[in-house]
Every structure is written in C-alpha cells, then in structure tokens.
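The lines below spell out each chain.
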Amino acid sequence: MIVGVDVGSGDRLALGVLTQYRMATTEQMHRVIAPSVRIKQTRRRLARLRAEGLIDRITLPQAGRTRVWFPTPYGVQLASEWPEMRGHRPPPGPCPTRRPCG
C-alpha cells in the first residue's frame, strides 16, 4: 500500500497520465486531471506524489522556470500493475534527466 496516495482519485489519474505521456508541465497536468479546481490543488497533488517517490520534476530555467513532471521507475512499475495500464509502456523518447525513466 502507498501511504498518502489516494489511488481512487486524481492521484491515480495523475500518475497514469505521466506514465502514458512521459512528461508534462504543471499547467498541462492541471488541464488534464483537474481543470475545474484551482491550480494550487494540482500543485499539491503533484508534490504529494513526488514525496511518495512516484514522480519527480525538473525546472527549465530557459522557460521561465517551468516545471516538467515525469514518472519515476517506481511510479511506472506501480502504474503498470493497474488493469487499465497493463501492457502499456511509455513511448520511447528522451528522458528529462540523466536518471533512467520508466
């Protein structure tokens, strides 16, 4: 069980989105997972998932300090166990860090 992550809510959706699309900005995540709430709530959700080790972020200094979120290998492993994600692999492409992505 994951402490602090509500797998029945937007936490699961957020991790699933990042696993499928590999990376997204805070604004993109907000538009996809919770456009009807304040962006502050989306930021809190992403911070909570990061604290649990499921996602991480980088900050792009050239883009006005935009944050780009991506799933950690642990997050990809967890999401791949969900029935709706079985058999799905993240698309090949660049990883935002030198660390291995899912």
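None of the values given here were measured: they were computed from a predicted structure. (Residues numbered from 1 in each chain as written. Predicted model: local features only at pLDDT ≥ 70, side-chain atom pairs only at ≥ 80, totals over all residues. Heavy atoms only, no water.)

(A) Seen up close, the side chain of threonine 26. Relative to the elements of secondary structure, threonine 26 occurs in helix H2 (residues 26–33). By relative accessible area, threonine 26 is classed as buried at 11%. Sequence-distant contacts of threonine 26, that is, excluding residues within four places in its chain, are made with Ile39, Thr42, Arg43, Leu46, Arg67 and Trp69. (Helix = DSSP H or I, 4+ residues; strand = E, 2+ residues; numbered from the N terminus. Buried < 20%, exposed > 50% of the residue type's maximum accessible area, 1.4 Å probe, protein only. Contact = heavy atoms within 4.5 Å.)

(B) Layout of the pairing of strand E2 (residues 55–60). Here six bridges tie E2 to strand E3 (residues 66–71), and the two strands are oriented antiparallel to one another. Residue pairing in the sheet places leucine 60 in a bridge with threonine 66 of E3. Counted along the chain from E2 to the antiparallel partner E3, the turn is five residues long, and its residue glycine 64 has a positive phi close to 65°. (Pairing = 2+ DSSP bridges.)

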